[in-house]
Amino acid sequence: MHPSITSLLLIALSTSTIITMSSYHWMFAWAGLEINMLSMLPLISKEHHPRAVEATMKYFMTQAAASAMLIFASTINAWQTAQWDISLLTPSTPMMMLTLAITMKLGLAPFHFWLPEVSLGTTNSVMLIITTWQKLAPLAIIILLHNSLNHHLLTSLGLLSMVVGGWGGMNQLQIRKIMAYSSIAHMGWVVMILPKAPDLSLLYLMLYIMLNLTMFLIIISTALTKLTSLFSTQNKSFPMMILMALTLLSMGGLPPMTGFLPKWLILQELIYQHQTQMATLASLSTLLSLFFYLRLVFNAFLTTPPNTSNVTKNWRNQTNHHILLPQMMILSLMLLIITPLVISLF
Amino acid sequence: MMALVLNRAFIFSRCHQQNGISILLGPCVTGFISRPYSTYRRPGTKPDNTPHWKTINFSFQNAADEMKKRLGLIKKEIVDHCKGPEGRSFVEWMVEQTRVVWEFRNQKDLDGWVVSSDAEIGGKSEAYLTLGKNNQSALLYGTLNTDVPRDGETRRSGYCSMRSKLQWGAFNQKNFYDWSTFNTLHLRVRGDGRPWMVNIYTDPYYSHQKDDLYNYFMYPRGGPYWEEIKIPFSKFFLSSRGRIQDNQYLMWLDKIRTLGFTLGDKADGPFQLEIDFIGLSKDGAYTGEEFPYEQYKRNP
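The structure displayed is predicted, hence computed values, not measured ones. The residue count restarts for each chain, going from 1 along the sequence in the order it is written. Just so you know, chain letters begin at A and ligand numbers begin at 1, following the order they were written in. Since the coordinates come from a predicted model, pLDDT governs what is reported: local features require at least 70, and pairs of side-chain atoms require 80 or more to be given and counted, while whole-chain, interface and lining totals use all residues. Side-chain numbers here rest on the full set of heavy atoms in the structure, without hydrogens or water.

J.: How would you summarise the interface of chain A and chain B if you had to cite specific residues and measurements?
T.: Of the residues lining the interface, 29 residues belong to chain A; the matching set on chain B comes to 24 residues. As used here, buried area is the combined drop in accessible area, with a 1.4 Å probe, of two parts when they are placed together. Taken together, the two surfaces of chain A and chain B that pack against each other cover about 2500 Å², and 60% of this comes from carbon and sulfur. Contact with chain B buries area across many residues of chain A, yet Arg51(A), Asn171(A) and Leu173(A) alone supply 25% of it, more than any other trio. Salt bridges are defined as contacts in which a side-chain nitrogen from Lys or Arg sits within 4 Å of a carboxyl oxygen from Asp or Glu. Between Arg51(A) and Asp254(B) there is a salt bridge, and its shortest N-O distance comes to 3.1 Å. For the side of chain A that touches chain B, the secondary structure elements donating two or more residues are α3 (50-81), α5 (114-121) and α14 (276-301) of chain A. Each helix is a run of DSSP H or I of at least 4 residues and each strand a run of E of at least 2, with the numbering of both proceeding from the N terminus. The leading source of residues in the side of chain A that touches chain B is α3(A), at five residues. Of the residues that constitute the side of chain A that touches chain B, the class distribution is 10 nonpolar, 12 polar and seven charged. Any two residues whose heavy atoms approach within 4.5 Å at even a single point are treated as in contact. When residue character is reported, Ala, Val, Leu, Ile, Met, Phe, Trp, Tyr, Cys and Pro are called nonpolar, Asp, Glu, Lys and Arg charged, and the others, Gly included, polar.

J.: Residue-level account of the packing of helix α9 (residues 175-193) of chain A against α14(A), with values.
T.: All names here are of chain A. Between α9 and α14, the shortest axis-to-axis distance is 11 Å and the interhelical angle comes to 160 degrees. Taken together, α9 and α14 sit at an angle that is classed as roughly antiparallel. Here the hand of the crossing between α9 and α14 comes out left-handed. On α14, the residues touching Ile175, Ile178, Ser182, Ala185, His186, Trp189 and Met192 of α9 are Met278, Ala282, Thr286, Ser289, Phe292, Tyr293 and Leu296. Per-class residue counts for the contact of α9 with α14 are 10 nonpolar, four polar and no charged. What counts as an axis is a line fitted to C-alpha atoms, over the stretch in contact for a helix, and the angles between N-to-C directions run from 0 to 180 degrees. Small angles under 35 degrees read as roughly parallel and large ones over 145 as roughly antiparallel, with 65 to 115 read as roughly perpendicular and the rest as oblique. Crossings are assigned a handedness: left-handed for a near helix turned anticlockwise from the far helix by less than a right angle, right-handed for a clockwise turn.

J.: Explain the side chain of Thr155(A) to me, and be specific about the residues and the numbers.
T.: Along the polypeptide, Thr155(A) turns up in helix α8 (residues 151-168). Here's how the labels work: a residue is buried when its accessible area is under 20% of the maximum for its type, exposed when over 50%, partly exposed in between, all with a 1.4 Å probe on protein chains only. Using a relative accessible area of 7% as the deciding quantity, one classes Thr155(A) as buried.

J.: Explain the packing of aromatic side chains to me, and be specific about the residues and the numbers.
T.: Pairing of aromatic rings covers Phe, Tyr and the six-membered ring of Trp, with a centre-to-centre limit of 6.5 Å; geometry is then stacked below 30 degrees between planes, edge-to-face above 60, and tilted otherwise. All chains considered together, the criterion is met by 22 aromatic pairs over all chains. Here Phe292(A) and Tyr293(A) contribute two aromatic rings whose centre-to-centre distance is 5.2 Å and whose plane-to-plane angle is 70 degrees, an arrangement assigned as edge-to-face. By the criterion adopted, a ring carries a charge over it if an Arg CZ or a Lys NZ lies within 6 Å of its centre and within 35 degrees of its normal. Of note, Arg295(A) hangs over the ring of Phe90(B), and the distance from its end group to the ring centre comes to 3.5 Å. Lying across the ring of Trp93(B), Arg99(B) places its NZ or CZ 4.7 Å from the centre.

J.: Go over the sheet that holds strand β11 (residues 243-244) of chain B with me, naming the residues and quoting the values.
T.: Pairing is antiparallel in the open sheet, where seven strands are placed in the order β2-β5-β12-β7-β8-β10-β11 (chain B). Taken across any chain shown, the strands that pair with only one partner, and hence form the sheet edges, are β2 (113-117) and β11 of chain B. Any two strands with at least two DSSP-identified bridges between them are counted as paired.

J.: Just give me the short version of the domain arrangement of chain B, but keep the residues and values in it.
T.: All names here are of chain B. As far as domains go, chain B holds domain 1 (1-14 + 22-33 + 53-83) and domain 2 (97-286). Across the contact, four residues belong to domain 1 and four residues belong to domain 2. Taken together, both faces of the contact between domain 1 and domain 2 bury some 480 Å²; the carbon and sulfur share is 61%. The interface formed by domain 1 and domain 2 contains zero salt bridges. What qualifies as a polar contact is a pair of N or O atoms within 3.5 Å, subject to a donor-acceptor requirement within protein and to the restriction that residues adjacent in sequence count only when both atoms come from side chains. Between the two partners, domain 1 and domain 2, sit one residue pair in polar contact (both at pLDDT 80 or more). Residues that form the side of domain 1 that touches domain 2 fall into these classes: two nonpolar, no polar and two charged. Source of the domain bounds: an automatic or database domain assignment.

J.: Let's hear about the pattern of salt bridges: which residues, and what values?
T.: Think of it this way: side chains of opposite charge can pair up when their charged atoms draw near. Residue and element names in this part refer to chain B. Under the defined criterion, the tally for this structure stands at 24 salt bridges over all chains. Residues Arg105 and Asp276 are paired through a salt bridge, measuring 2.9 Å at the closest nitrogen-oxygen approach. With a gap of 171 residues between them, Arg105 in the loop between β1 (98-103) and α5 (107-111) and Asp276 in strand β13 (residues 269-281) connect regions that are remote in the sequence. In this structure Arg105 comes out as partly exposed when scored by relative accessible area, which is 25%. With relative accessibility at 9%, the residue Asp276 sits in the buried group. Linking Asp147 and Lys124 is a salt bridge whose minimum nitrogen-to-oxygen distance equals 3.8 Å. With Asp147 in the loop between β4 (138-144) and β5 (160-164) and Lys124 in the loop between β2 and β3 (126-131), the pair connects residues that are 23 residues apart, well separated along the chain. What makes Asp147 partly exposed here is its relative accessible area of 36%.

J.: How would you summarise unusual backbone geometry if you had to cite specific residues and measurements?
T.: Outside of glycine, negative phi angles account for most residues, and trans bonds account for most peptide bonds. With an omega dihedral of 0 degrees, the bond running from Ala109(A) to Pro110(A) counts as a cis peptide bond. Of the consecutive residues Pro255(A) and Pro256(A), the connecting peptide bond is found in the cis state with omega at 0 degrees. For Pro256(A), the location among the structural elements is in the loop between α12 (238-251) and α13 (260-272). Positive phi, normally seen in glycine, also occurs at Ala82(A), with a value near 60 degrees. A residue is classified by how much of its surface remains accessible, and Ala82(A), at 64% relative accessible area, is exposed. You will see that Glu86(B), though not glycine, has its phi angle at about 55 degrees, which is positive. Locating Glu86(B) in the fold gives a position in the loop between α3 (60-83) and α4 (90-95). With relative accessibility at 38%, the residue Glu86(B) sits in the partly exposed group.

This is how it looks when you write it as structure tokens:
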């Protein structure tokens, strides 16, 4: 794609998210979401491979349906309350429809089926945008309205997403699909704690974006596609594999990495609010995600490929890493020590 | 009485085929129900005007058997999900370098394949599939005949093929083969010197891609000795309805549905192909091209 077209699409993508996040009128929010979706479509189908076109169509169908449901919910709200203001959403029917629309936008269970398929049809860099930047606009709406929404519904959707994300990622051989199921599980955490502590939800989102960005920068620099390609990647760049392993453990929520921080604070908050069963279920479902993260680490480090791997050839190839990677690595691994500062801020 | 009413509705629908009344009547006009699949009618044959309701075979026993079969498939899918992808443990996926997908040792193995020839369109070719000597191989044999059927529409003829059957999961969900951990198709065959084409059908999610096929050639030597033919998957090129496409793409191996062999070398006469097994292998030394077909920009 011509660089000017790519720049235009990226500018439209960022502008549309800012429009949605800063809007007060439902029409502006919907317009921002639509521009967001439309600017993603050429990026997903950049390669014109049949699978990329299929992913584009699936993305378009789900996002368009979700946007339509969102504007329909706001129209019903305007009909019943004579208000188009976003913060004035009171009737139960529009609230339910809005929740389901946002669930579909975010790829939460039970509307998550499109995310792994779209992830497989796109490139790694576009998948990075889908799992990070594309979450901001819908979550901005849902955070703005968290007081009006059905808390039980949000909590149930969050828990279901955690379980589905962990269970679904178990038998995957493609790394992008694993990251898609990981995204579903992490979004479950964000949405689950939203009714009780929206600040923690925001913290989790920020740290998830940071960890996901780090992971995808490693995947892009080492051109990882399949699980079996991890066997020979340690020959290409051993330090990169060590960092990937630590990032995965951080995403799994293991101390002393950064990923432990949001999960710890959320579980603590749930126990303070006497939701011990929910905390237990959340912890157990995280173990499922941790299992397939550890499987990636196992394949990268603790296995020797049974075939010859052209060792002499591989070490001569220099792996080009992204300029942001060192900074992201430090943030992904070493932020746990600033927990007191985070607690005071949130 | 009911049959009379339905028959009259059917005749009514046939008379008013071109106007919008049949659309308004909808399900009452049974002859106008649009089928979700295409029904091929051989040129020169009469159209099949059997009403849809006459072809239904209503039976409680069939329903019970069908439910039992489908619930069995669901149970198998859940159990397989616990074991690993496609019901095989992850250790197998990580370690395997070769895998035999199809081998022909008994009649059940042959039942997973469909043999066809141009006899479907009125041609004179014949193709048969049977077990080879000592039940150690499959033998595809027959006669190719390029005589064009005289129906006024067909212009070319003369092909024979065998193709693996589509796999279906519980409640008619599509099932795929995931060959993404391999990079080479490995065949052990004994031919007669005729050139064959290997066709791989990947999942067409949208119906406009249903004719897309990835093909490559196979040139077995004639003679008494078996040979092992290895075709890298990157060599397969994309065609649609038999026409090679200008825009070529690498074949993705995670959703394979069928594999087939076709003979269409325009040479009349008998043919024979013996297949021991069809398998996959991961050739670590194959670091050649990622995709061998150069892409030219048509309007740069």
